[in-house]
Amino acid sequence: MIKKLLAAATAAVALQGSALAQETIKIGVPLVEAGPMAFVMPFYQDAIKAAVDTLNAQGGALGRKYEVVIQAHAGTPASAIAAVTKLAQQDGAPFIIGFSTSPMSMALGQRLAGLNALQIDVSSTSDDVTGKGCSANQFRTTVNDAMQINALKGTIKKLGLKTWNIIVPDYSMGHDFAKRFAASVQETGATVQSTLFAPLGTPDFSSFVNQLASKPAEGLAVVIIGGDSIAFAKQAKQAGLFEKYKGVVSANFTHDLVLGAQGDATVGVFAAQGYSYQFPSPRSEAMVKLWNNRFKRKPNHLDADAYLGVEVLHAAIVKAGSTDLAAVRSALVGLKTNTVLGDVEMRADHQLARPMVSVQIERAGEGKGASIFKNVEPTASVMPAVNTECKL
């Protein structure tokens, strides 16, 4: 009788283990389907699926495969919360990796613990996300505003300009950038002449362009994002805006996603980016081959950020030896792993320490521009100190 009970118990454990092995590890992917940021949706979707397929081909994690669960939403903080709530509580996808603006991430950060969800933030840039608004269940792998400024410092110093104008989007990321950029140029003895804040979704930038053209400083810093960046670039070209400045630097303004639509309007602009397909690392080279074969194009910085987020989550799950959220959260803090951007480390303020790149837009034929890789900005030179405003 005892032998039969032991045999039954052993069989039950084996069946339970087999069932667990069949369970997938679900990654919830909230994506914006409306508004000026909707055009990025396919890039995050493609990259996350490609990363998951790559990991699954290597055996997944803990004997289980990954599964992607996508939830589209309207692109507001409220709709982002609703999308993540559905993913975590209805779809069984507690690991969240998808597109999120800084306001969305700030709103989500306060809700993640209650939803029993953990977010790898692969897109927001406001310093507050890993500063005063940091959350125990939120980790950021993309660059923040302070890192973008640090990556631009070499270019700013080389240009040696004494006065600057700034135009940024009128929300937390833009305000962060403007504040840090002003402090950075003041370190060189320069001053900021004017700062303009443009609402997201601005259809006509003529009033902003006219203000910048009527009283140009020596230098111009531009952070106009998404579909707005195309409209601004075209209207700036019509007004001959950039020719009125001795140097133009940017972040999130002119990159591979919008460069084709911008034509040659941004030729000469310097930019700090999270990634270039020319990034010198074995995993980046493998990613370029994968993208050429699978998507018939080169990977862009959004692809790399999304792919990197999956890599970091996977490394934490393997390190934890579990998909328990508390265990994965603990494994993420101090995590060191090799990625498409080489070796990276998750800091105590939940900001990933990682390198960046510098590029410049050059003419590539009639009416065309190309993003030309200049150099890698090493992790040590771009990372600010751990944010002391983060209280975890």
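Below is a summary of the structure that appears in this document. Keep in mind it's a predicted model, so treat the numbers as computed, not measured. (Residues numbered from 1 in each chain as written. Predicted model: local features only at pLDDT ≥ 70, side-chain atom pairs only at ≥ 80, totals over all residues. Heavy atoms only, no water.)

**Observations concerning the packing of aromatic side chains**
Evaluated as defined, the whole model comprises 11 aromatic pairs. Arranged with centres 5.7 Å apart and planes meeting at 15 degrees, the rings of Phe177 and Phe181 form a pair that is stacked. Here Phe177 pairs with Phe181, and both are found in helix 7 (residues 172–187), just 4 residues apart, close to one helical turn. By relative accessible area, Phe181 is classed as buried at 0%. When the ring of Phe205 is compared with that of Phe232, the centres are 5.4 Å apart and the planes differ by 75 degrees; the resulting orientation is edge-to-face. Remark: Phe232 occurs in helix 9 (residues 226–238) and Phe205 occurs in the loop between strand 7 (191–198) and helix 8 (206–214); sequence separation between them is 27 residues. Through a chain of ring-to-ring contacts, the aromatic side chains of Phe205, Phe208, Phe232, Phe242 and Phe253 assemble into a single cluster. Taking the ring centre of Tyr277 as reference, the NZ or CZ of Lys298 above it sits at 5.5 Å. (Phe/Tyr/Trp six-rings, centres within 6.5 Å; stacked < 30°, edge-to-face > 60°. Helix = DSSP H or I, 4+ residues; strand = E, 2+ residues; numbered from the N terminus. Buried < 20%, exposed > 50% of the residue type's maximum accessible area, 1.4 Å probe, protein only. Lys NZ or Arg CZ within 6 Å of the ring centre and 35° of its normal.)

**With respect to the pattern of salt bridges**
Counted under the stated rule, the structure contains 13 salt bridges. We note a salt bridge from Lys86 to Asp91, for which the minimum N-O separation is 3.1 Å. For the salt bridge of Lys246 with Glu218, the shortest nitrogen-to-oxygen distance reads 3.7 Å. Highlighted residues: Lys246 in the loop between helix 9 and strand 9 (247–251) and Glu218 in the loop between helix 8 and strand 8 (219–222), separated in sequence by 28 residues. One network of salt bridges, in which partners are shared, links Lys237, Asp264 and Arg363. (Salt bridge = Lys/Arg side-chain N within 4 Å of Asp/Glu carboxyl O.)

**Considering the sheet that holds strand 11 (residues 336–339)**
An order of 11-12-13 is seen for the 3 strands of this open sheet, with the pairing classed as antiparallel. Only two strands of the sheet have a single partner each, and these edge strands are strand 11 and strand 13 (352–353). Relative to strand 12 (residues 342–346), strand 11 is paired through 4 bridges, and the arrangement is antiparallel. Residue pairing across strands places Thr339 opposite Gly342, the latter belonging to strand 12. (Pairing = 2+ DSSP bridges.)

**Examining helix 2 (residues 41–57)**
Counted at 1.5 Å a residue, the expected span for helix 2 with its 17 residues is 24 Å, and the 24 Å between its end C-alpha atoms agrees. Those residues of helix 2 lying buried are Met41, Phe43, Tyr44, Ala47, Ile48, Ala50, Ala51, Val52, Leu55 and Asn56. Where helix 2 is buried, its residues contact strand 1 (25–32), strand 2 (66–73), helix 10 (256–262), helix 11 (282–294) and helix 12 (301–320). Positive phi appears at Gly59, one or two residues downstream of helix 2, with a value of about 110 degrees. (Expected span 1.5 Å × (residues − 1). Contact = heavy atoms within 4.5 Å.)

**Focus: the state of the cysteines**
Under the criterion given, the structure shown has 1 disulfide. The partner cysteine of Cys134 in its disulfide is Cys390, sulfur to sulfur 2.2 Å. Disulfide Cys134 to Cys390: torsion about the S-S bond roughly 100 degrees, handedness right-handed. Separated by 256 residues along the polypeptide, Cys134 in the loop between strand 4 (118–121) and strand 5 (138–140) and Cys390 in the segment after helix 14 (379–382) bring together distant segments of the chain. (Disulfide = S-S within 2.5 Å.)

**A short note on helix 7**
Within an α-helix, residues lying three or four positions from one another point in the same direction, as the helix has 3.6 residues per turn. Between its terminal C-alpha atoms helix 7 stretches 23 Å, which fits the 22 Å expected from 16 residues at 1.5 Å a residue. Burial in helix 7 covers these residues: Met173, Gly174, Asp176, Phe177, Ala178, Phe181, Ala182, Ser184 and Val185. Those residues of helix 7 hidden inside the fold are in contact with helix 4 (102–109), helix 6 (145–159), strand 6 (163–169), strand 7, strand 8 and strand 9. One or two steps after helix 7, the chain reaches Gly189, where phi turns positive at roughly 90 degrees.

**Overview of unusual backbone geometry**
Of note in this structure, Asn116 is not a glycine but carries a positive phi near 55 degrees. Unlike most non-glycine residues, Lys296 shows phi in positive territory, near 60 degrees. In this structure, Lys296 sits in the loop between helix 11 and helix 12. A relative accessible area of 65% places Lys296 in the exposed class.

**Comments concerning the sheet that holds strand 7**
Read from one edge of the open sheet, 7 strands run 7-6-8-9-10-14-15, paired in mixed fashion. A strand with exactly one partner marks an edge of an open sheet, and here the two such strands are strand 7 and strand 15 (369–377). Mean inter-strand twist for the sheet, computed between neighbouring axes without regard to direction, equals 20 degrees. (Axes fitted to C-alpha atoms, helices over the stretch in contact; angles between N-to-C directions.)

**Looking at the nonpolar core**
Counting 96 residues, the largest nonpolar core has Phe177, Phe181 and Leu332 as the members making the most contacts within it. Examining the composition of this core, we find that 11 residues originate from one element, helix 12, more than from any other. Once you skip the residues sitting within four places of it in the chain, Leu332 turns out to touch Leu118, Ile120, Phe139, Val312, Ala316 and Met346. (Core = buried A, V, L, I, M, F, W, Y, C linked by side-chain atoms within 4.5 Å.)

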